[in-house]
Amino acid sequence: MEMVYDLLKITIPAALILYSTYLMVRSFFNKQLDELHLTLRHKNQETVLPVRMQAYERICLLLERISPNNLIPRLNEKDMTAGQLQGLMVSEIRNELNHNLSQQVYMSDDAWIYVKSAVEQLISLINESANELGESATSLDLAKTVFQKNMANETDTISGALSFIKSEIRELF
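So, a few notes on the structure that sits alongside this text. Everything quoted here is computed from the prediction, not taken from an experiment.

Another aspect to go through is the side chain of Ser129. Within the secondary structure, Ser129 is located in helix 4 (residues 109–132). Owing to a relative accessible area of 0%, Ser129 belongs among the buried residues under this scheme. When residues no more than four places from it in sequence are discounted, the contact partners of Ser129 are Leu142, Thr145, Val146 and Lys149.

So, about the pattern of salt bridges. Under the definition given, this model contains five salt bridges. Salt bridges linked by common partners bring Arg65, Arg74, Glu92 and Glu96 together as one network.

Once that is clear, we can look at the side chain of Thr145. For Thr145, the position within the fold is in helix 5 (residues 139–152). With residues up to four places along the chain from it excluded, the contact list for Thr145 reads Ser129, Glu132 and Leu133.

The next thing to look at is helix 1 (residues 2–66). With 65 residues, helix 1 extends 93 Å from end C-alpha to end C-alpha; this agrees with the ideal 96 Å at 1.5 Å per step. Largest kink in helix 1: about 30 degrees, centred on Val48, with the proline Pro50 one to four residues after it. Within the sequence span of helix 1, burial applies to Met53, Ala55, Tyr56, Ile59, Cys60, Leu62, Leu63 and Ile66. Check the buried side of helix 1 and you find it contacts helix 2 (68–75), helix 3 (82–99), helix 4 and helix 6 (157–172).

Now for a nonpolar patch on the surface. On the surface, Val4, Leu8, Ile12 and Leu16 cluster together into a nonpolar patch covering about 370 Å² of accessible area. Inspection of the secondary structure puts Ile12 in helix 1.

Moving on, we come to the environment of Ile113. Looking at the secondary structure, you find Ile113 in helix 4. A residue is classified by how much of its surface remains accessible, and Ile113, at 53% relative accessible area, is exposed.

A word on the packing of helix 4 against helix 5. Packed helix pairs are specified by the crossing angle of their axes together with the interaxial distance, meaning the distance between the axes. Where helix 4 contacts helix 5, the axes come no closer than 9 Å and their chain directions differ by 125 degrees. Taken together, helix 4 and helix 5 sit at an angle that is classed as oblique. Considering how the two elements wind past one another, helix 4 and helix 5 form a crossing that is right-handed. Note on element contacts: helix 5 touches helix 4 through Leu142, Thr145, Val146, Lys149 and Asn150, opposite Leu125, Ile126, Glu128, Ser129, Ala130 and Glu132. For the contact of helix 4 with helix 5, the class distribution of residues is five nonpolar, three polar and three charged.

Moving on to helix 4. Compared with the 34 Å implied by 1.5 Å per residue over 24 residues, the 34 Å span of helix 4 between its first and last C-alpha is a close match. At its buried positions, helix 4 is contacted by helix 1, helix 2, helix 3, helix 5 and helix 6.

What follows deals with the nonpolar core. In terms of nonpolar packing, the biggest core is built from 37 residues, with Leu63, Met89, Val115 and Ile165 touching the most fellow members. Every element with two or more residues in this core is listed here: helix 1, helix 2, helix 3, helix 4, helix 5 and helix 6. Of all the elements, helix 4 adds the most residues to this core, at ten residues. Excluding its chain neighbours within four sequence positions, the residues that come into contact with Met89 are Leu71, Ile72, Leu75, Ile126, Leu142 and Val146.

About the criteria used
Residues numbered from 1 in each chain as written. Predicted model: local features only at pLDDT ≥ 70, side-chain atom pairs only at ≥ 80, totals over all residues. Heavy atoms only, no water. Helix = DSSP H or I, 4+ residues; strand = E, 2+ residues; numbered from the N terminus. Buried < 20%, exposed > 50% of the residue type's maximum accessible area, 1.4 Å probe, protein only. Contact = heavy atoms within 4.5 Å. Salt bridge = Lys/Arg side-chain N within 4 Å of Asp/Glu carboxyl O. Expected span 1.5 Å × (residues − 1). Bend = angle between axes of the 7 residues up to and from the residue. Patch = residues over 30% accessible without salt bridge, like charges linked within 9 Å, V, L, I, M, F, W, Y side chains within 5 Å. Areas by Shrake-Rupley, 256 points an atom, 1.4 Å probe, with all protein chains shown as cover. Axes fitted to C-alpha atoms, helices over the stretch in contact; angles between N-to-C directions. Parallel < 35°, antiparallel > 145°, perpendicular 65-115°, else oblique. Left-handed = near helix turned anticlockwise from the far one by under 90°. Nonpolar A, V, L, I, M, F, W, Y, C, P; charged D, E, K, R; others polar. Core = buried A, V, L, I, M, F, W, Y, C linked by side-chain atoms within 4.5 Å.

The structure is reproduced here in structure tokens:
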């Protein structure tokens with residue numbers, strides 16, 4: 001019995017020391033792993049944040065370029081018919097969007113939904129305006145109708161999308 005007692009006197013402290021060593025080593029490795037994750041996250045932010053900012057900038061530029069105030073003066077020519085201007089505007093809007101499709105990877109889903117909605121509603125506004133005019137209408141008639149309808153809308157979807165994107169950019173900083 002005394003031998004068991006002596007054996008316990010040796011093994012219990014040794015087990016306690018072994019267990020405390022295990023806890024210290026585990027704590028050390030967890031701390032090192034956390035520091036590594038933090039360093040990787042910081043390096044990732046340094047790389048991804050500028051790319052995200054560039055994506056938001058490009059989408060803001062897209063929305064500004066397709067707004068009727070910028071689109072119509074850029075595309076309208078004297079001798080165009082309303083149908084020609086309509087086709088040209090819709091084509092330009094779709095080309096601008098297609099050129100910037102990859103930017104959605106760096107944006108939130110909500111922001112991209114705002115952008116897509118603004119584009120779709122603008123195309124719809126242009127098509128509705130063109131449908132109200134006769135076949136002999138000029139591009140100037142279409143431009144006036146688009147401007148009138150755009151001003152009559154209580155909610156300007158392009159401005160709404162720009163505001164949403166700007167608020168997301170502010171959250172990044």
